[in-house]
Amino acid sequence: MTAVHYEDMRNKVALVTGAASGIGEACARQFAAQGCRLLLMDRDEERLHGLSQALGAIAAPGSVTDEATVSAAVDSCLRHFGGLDYAVNSAGVAGAPAAIAETTLDAWQEVININLTGVFLCLKHQLRVMQAAGFGAIVNIASGAGVIATPHGRCEDQCGAAGLDPDPHAGGIAATGAPTGKDDSGQYSLRSHGQRRGNCRCGFVAVQLAGKLCERAFTGSGWGYFVPLKRGRRDL
């Protein structure tokens with residue numbers, strides 16, 4: 001991945017969740033290329049430790065659904081680096097593919113706990129540090145599936161989180177699109193404290209989470225309808 005140079009980010013502190021693969025890993029590598037000091041979170045301990053070692057980052061294995069783990073990760077940034085400048089909340093799951101009537105409560109709760117509650121917990125503890133410092137920037141990774149329903153009766157991966165039928169009024173849209181709502185709400189928490197936050201709604205990205213869905217999007221077998229430029233580029 002080619003490094004793109006932004007403002008001087010050398011020695012700034014960044015925390016990335018879902019950092020062991022996919023978009024989170026790409027963000028972590030970009031932060032490292034800019035000279036940031038990093039703390040990386042993921043529940044895949046093996047991949048997380050490998051990436052952390054390669055980037056000279058601190059590894060914080062665990063789930064974003066556990067508040068004590070999230071709080072400890074943020075506190076580790078304070079303890080090791082003296083603060084927290086940037087955060088990317090990228091941890092998320094697609095869930096098992098199933099129609100709403102076939103989805104178990106456990107499957108539903110796993111997606112909601114990670115994709116919604118996890119973002120809330122991360123914001124809660126990231127903001128307490130950034131507000132005290134008067135500076136910070138946060139990006140929440142969401143899915144385009146949260147705002148665009150598919151024409152298919154059955155969803156296979158992250159479109160309509162947990163593989164739920166993508167009814168605009170169903171909970172499937174909630175889990176992938178709700179980080180956007182948290183973004184709107186969180187802006188009010190940030191503006192008076194000198195921080196900024198944005199939401200990134202991702203289209204098709206060729207990562208493990210999306211599975212075979214991306215292949216169809218890139219090869220034009222129908223899903224390309226949802227890709228504005230009707231093309232894909234593999235960077236990861």
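Our subject in this report is the structure included herewith. Being a predicted model, the structure only gives us computed values, none of them experimental.

**As for the environment of Val139**
When you line up the elements, Val139 lands in strand S5 (residues 136–143). Residue Val139 is classed as partly exposed on the basis of its relative accessible area of 33%. Note: C-alpha distance between Val139 and Tyr86 (53 residues apart in sequence) is 8.2 Å.

**Comments concerning the packing of helix H1 (residues 22–33) against helix H2 (residues 45–55)**
It is at 11 Å that the axes of H1 and H2 come closest, and there the two elements cross at 15°. In terms of axis orientation, H1 runs roughly parallel to H2. For the element pair H1 and H2, the recorded crossing hand is right-handed. Touching Glu25, Ala28, Arg29 and Ala32 of H1 are Arg47, Leu51 and Leu55, all from H2. Partitioned by chemical class, the residues of the contact of H1 with H2 number four nonpolar, no polar and three charged.

**Side note on the packing of helix H3 (residues 67–81) against helix H4 (residues 105–133)**
Packing of H3 against H4 leaves a shortest axis separation of 9 Å and a crossing angle of 30°. Of the possible angle classes, the one that applies to H3 and H4 is roughly parallel. Crossing hand, H3 versus H4: right-handed. Contacts between H3 and H4 involve Glu67, Val70, Ser71, Val74, Asp75 and Leu78 on the former and, on the latter, Leu121, Cys122, Lys124, His125, Gln126, Arg128 and Val129. Residues that form the contact of H3 with H4 fall into these classes: six nonpolar, three polar and four charged.

**With respect to the pattern of salt bridges**
Taken as a whole, this structure holds six salt bridges when the rule is applied. Across the pair Glu25 and Arg29 runs a salt bridge whose closest N-O atoms are separated by 3.0 Å. Remark: Arg29 and Glu25 occur in helix H1; sequence separation between them is four residues, near one turn of the helix. Residue Arg29 is classed as partly exposed on the basis of its relative accessible area of 40%. With its nearest N and O atoms 3.7 Å apart, the salt bridge here joins Arg47 to Glu25. A residue pair is termed long-range when its members are at least 10 positions apart, and Arg47 in helix H2 and Glu25 in helix H1 qualify at 22 residues. Using a relative accessible area of 40% as the deciding quantity, one classes Arg47 as partly exposed. Residue Glu25 is classed as buried on the basis of its relative accessible area, which comes to 17%. A network of salt bridges, in which partner residues are shared, links Glu25, Arg29 and Arg47.

**Observations concerning the side chain of Asn115**
If you trace the backbone, Asn115 turns up in helix H4. Classification of Asn115 by relative accessible area gives buried; the value is 8%. A polar contact of 2.9 Å, which involves the side chain of Asn115, links it to the backbone nitrogen of Val93.

**Focus: H3**
If you check H3, its first and last C-alpha atoms are 21 Å apart, about what 15 residues at 1.5 Å a residue would give, namely 21 Å. Among the residues making up H3, those that are buried are Val70, Ser71, Ala73, Val74, Ser76, Cys77 and Phe81. Residues of H3 that are buried make contact with strand S1 (13–17), strand S2 (37–42), strand S3 (58–61) and H4. Among the residues trailing H3, Gly82 stands out with phi positive, at a value near 90°.

Conventions we followed
Residues numbered from 1 in each chain as written. Predicted model: local features only at pLDDT ≥ 70, side-chain atom pairs only at ≥ 80, totals over all residues. Heavy atoms only, no water. Helix = DSSP H or I, 4+ residues; strand = E, 2+ residues; numbered from the N terminus. Buried < 20%, exposed > 50% of the residue type's maximum accessible area, 1.4 Å probe, protein only. Axes fitted to C-alpha atoms, helices over the stretch in contact; angles between N-to-C directions. Parallel < 35°, antiparallel > 145°, perpendicular 65-115°, else oblique. Left-handed = near helix turned anticlockwise from the far one by under 90°. Contact = heavy atoms within 4.5 Å. Nonpolar A, V, L, I, M, F, W, Y, C, P; charged D, E, K, R; others polar. Salt bridge = Lys/Arg side-chain N within 4 Å of Asp/Glu carboxyl O. Polar contact = N/O pair within 3.5 Å; in protein donor to acceptor, adjacent residues only side chain to side chain. Expected span 1.5 Å × (residues − 1).

Purely spatial values, then, with no claim about function.
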